[in-house]
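Spelled out, the chains give:
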Amino acid sequence: MDWAYVHKIWEKWASNNVGTSGKPLKAALLINYDPTGPSRLLSTIAEQEGIKANPIEISQFVNFIKCTKLQNETFFIASNEYMVTSIHENWFHGRCMKTSNPAGEGAILMQTTAFLLLALYDGSIGSASGAVAAAEQFALQLSRKNL
């Protein structure tokens, strides 16, 4: 694992895509993940921006992904409950079930060879499109190194 490369591209990507004013994402989280690894191999938080993730919560989130019951269950991130609204080949999209934001909130999860990228955003369809594009940009950079 080339951690220096991962950190370098994360820093550049996060500074351009994660924040409050004019950025497509309000928060992002990078979790190392190997679905084929032994069960004793725990996923850990590799990088985070705009969110202070709880390792226990992340463990529960990873278990949710491993169960592959995405259509039937909800998941929690930072005390918000999300319902999966669309599933694609290597990513899925969820909407927050209770939010104070009138435009809503969403989450996008992309899986690469070695990581899960969780991208959180505020807004509706237009915001979701920008969030997906930002997340795909980072996932593509990881894929170039087979990460």
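See the structure printed just above.
Residues numbered from 1 in each chain as written. Predicted model: local features only at pLDDT ≥ 70, side-chain atom pairs only at ≥ 80, totals over all residues. Heavy atoms only, no water.

S.K.: So what's going on with helix α1 (residues 3-17)? Which residues, and what values?
M.R.: Taking 1.5 Å per residue, 15 residues should reach 21 Å; α1 reaches 20 Å between its end C-alpha atoms and fits that length. All buried positions along α1 are accounted for by Tyr5, Val6, Ile9, Trp10, Trp13, Ala14 and Asn17. Taken end-on, α1 shows its buried residues confined to a sector of 145 degrees, consistent with a single buried face. Pointing more than 90 degrees away from the buried face of α1 are the exposed residues Ala4, Lys8 and Lys12. Its buried side turned inward, α1 meets β1 (27-32), β2 (45-49), β7 (115-122) and α3 (125-144). (Helix = DSSP H or I, 4+ residues; strand = E, 2+ residues; numbered from the N terminus. Expected span 1.5 Å × (residues − 1). Buried < 20%, exposed > 50% of the residue type's maximum accessible area, 1.4 Å probe, protein only. Arc of directions from axis to C-beta. Contact = heavy atoms within 4.5 Å.)

S.K.: An account of the environment of Gly106 is requested, with residue identities and associated values reported.
M.R.: Turning to its location among the elements, Gly106 is positioned in strand β6 (residues 105-111). When the C-alpha positions of Gly106 and Leu25 are compared, they lie 9.7 Å apart, and in sequence the two are 81 residues distant. Those residues in contact with Gly106 that lie beyond four places of it in its chain are Tyr82, Gly94, Arg95, Ala119, Leu120 and Tyr121.

S.K.: Break down the environment of Glu47 for me, with residues and values.
M.R.: The residue Glu47 is located in strand β2 in this model. On the accessibility criterion, Glu47 (14% relative accessible area) is buried. Linking Glu47 and Trp10, residues 37 residues apart in sequence, is a C-alpha distance of 7.5 Å. In this structure Glu47 touches His7, Trp10, Glu11, Ala28, Leu29 and Leu30, once residues within four positions along its chain are discounted. Engagement of the side chain of Glu47 in a polar contact is seen with the side chain of His7, the distance being 2.7 Å. (Polar contact = N/O pair within 3.5 Å; in protein donor to acceptor, adjacent residues only side chain to side chain.)

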